[in-house]
Amino acid sequence: MRIAVLALQGAFIEHEQRLQQMGMETFEVRQLADWLQPKDGLILPGGESTVQMRLLAQLGLFEPVRDAILHGLPVFGTCAGMILLSEGYLSTMNIHVRRNAYGRQLGSFHTEGCVKGVGGHLPMTFIRAPYIDKILSSDCQVLAEVDGHIVAAQQNNQFVTSFHPELDSDSRIHQHFLRMVAGR
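Read on for an overview of the structure. The shown structure was predicted, so the numbers you read here are calculated from the model rather than taken from an experiment.

What follows covers the layout of surface pockets. Quantified by volume, the largest pocket comes out at close to 190 Å³. Lining the largest pocket we find 16 residues, and of these Gly-47, Glu-48, Cys-79, Ile-127 and Arg-128 sit closest to its centre. Split into classes, the residues belonging to the lining of the largest pocket amount to seven nonpolar, six polar and three charged.

Spelled out as structure tokens, the structure:
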């Protein structure tokens, strides 16, 4: 499998390292020419969603990325990546997201929780994290909640988490995404 990682800003290197440790080939998407390479899946990393959105538009990536997702390309969005997939941004996933829901950097925290379909308790690292405050379609399944807030969901080929699994040693979240890619 060959996984594209949006590398415009944010925590993309950590996703690449995790996937490479798992034996996956990755490549960075920084411009349209990168995007045109063959790929089996896409990761939208954490970072600053406003900056990432602006760069997607400026670099001519917005429509090609959106179209590929709408046509079934498996995508995994973490934190800002979840925001990018939500209504009002790329609008490919039927969710409404509350940005910076856990506050500023000082509101960052680590906990453990269960994610449906992944198995057992997992480490969850939240950094200025959003959460899903509204599911807009029955196609979208809630996979995890923390303190009554939705922090992981899946809709067909799209998988999102509010937390950063790339920052923890547990690879089960990435394995879940790779199963989605393999099942495409």
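Still more ground to cover, so stick around.
Moving on, we come to the state of the cysteines. Under the definition given, this model contains zero disulfides. Cysteine Cys-79 remains unbridged, with the sulfur of Cys-140 as its closest cysteine sulfur at 17 Å. Cysteine Cys-114 shares no disulfide, and the gap to the nearest cysteine sulfur, in Cys-140, comes to 19 Å. According to the relative accessible area criterion, Cys-114 is partly exposed, its value standing at 43%.

Now for the nonpolar core. Core analysis: the largest hydrophobic core is formed by 29 residues, its most contacted members being Leu-42 and Leu-56. Among the elements of the structure, β1 (2–6), β2 (25–29), β3 (41–44), α3 (49–58), α4 (62–70), α5 (80–85), β5 (95–98) and β10 (149–155) are those that each provide at least two residues to this core. The dominant element in this core, judged by the number of residues it contributes, is α5, at four residues. In this structure, Leu-56 is in contact with Leu-6, Leu-8, Leu-61, Phe-62, Val-65 and Leu-84, ignoring residues within four places of it in sequence. With 27 residues, the next largest nonpolar core counts Ala-7, Val-151, Phe-163 and Ile-173 among its residues.

Tallied over the full model, the rule gives one cavity of 30 Å³ or more. Quantified by volume, the largest cavity comes out at close to 30 Å³. Lining the largest cavity we find Leu-122, Pro-123, Pro-165, Asp-168, Asp-170 and Ile-173. Class assignment of the residues belonging to the lining of the largest cavity gives a composition of four nonpolar, no polar and two charged.

Thresholds applied
Residues numbered from 1 in each chain as written. Predicted model: local features only at pLDDT ≥ 70, side-chain atom pairs only at ≥ 80, totals over all residues. Heavy atoms only, no water. 1 Å grid on protein atoms, 1.4 Å probe; cavity = no way out; pocket = protein on both sides within 12 Å on 5 of 7 lines; lining within 4 Å. Points joined across faces, edges and corners; volume = space filled by probe spheres on them. Nonpolar A, V, L, I, M, F, W, Y, C, P; charged D, E, K, R; others polar. Disulfide = S-S within 2.5 Å. Buried < 20%, exposed > 50% of the residue type's maximum accessible area, 1.4 Å probe, protein only. Core = buried A, V, L, I, M, F, W, Y, C linked by side-chain atoms within 4.5 Å. Helix = DSSP H or I, 4+ residues; strand = E, 2+ residues; numbered from the N terminus. Contact = heavy atoms within 4.5 Å.

Remember, this is a structural readout, not a statement about activity or role.
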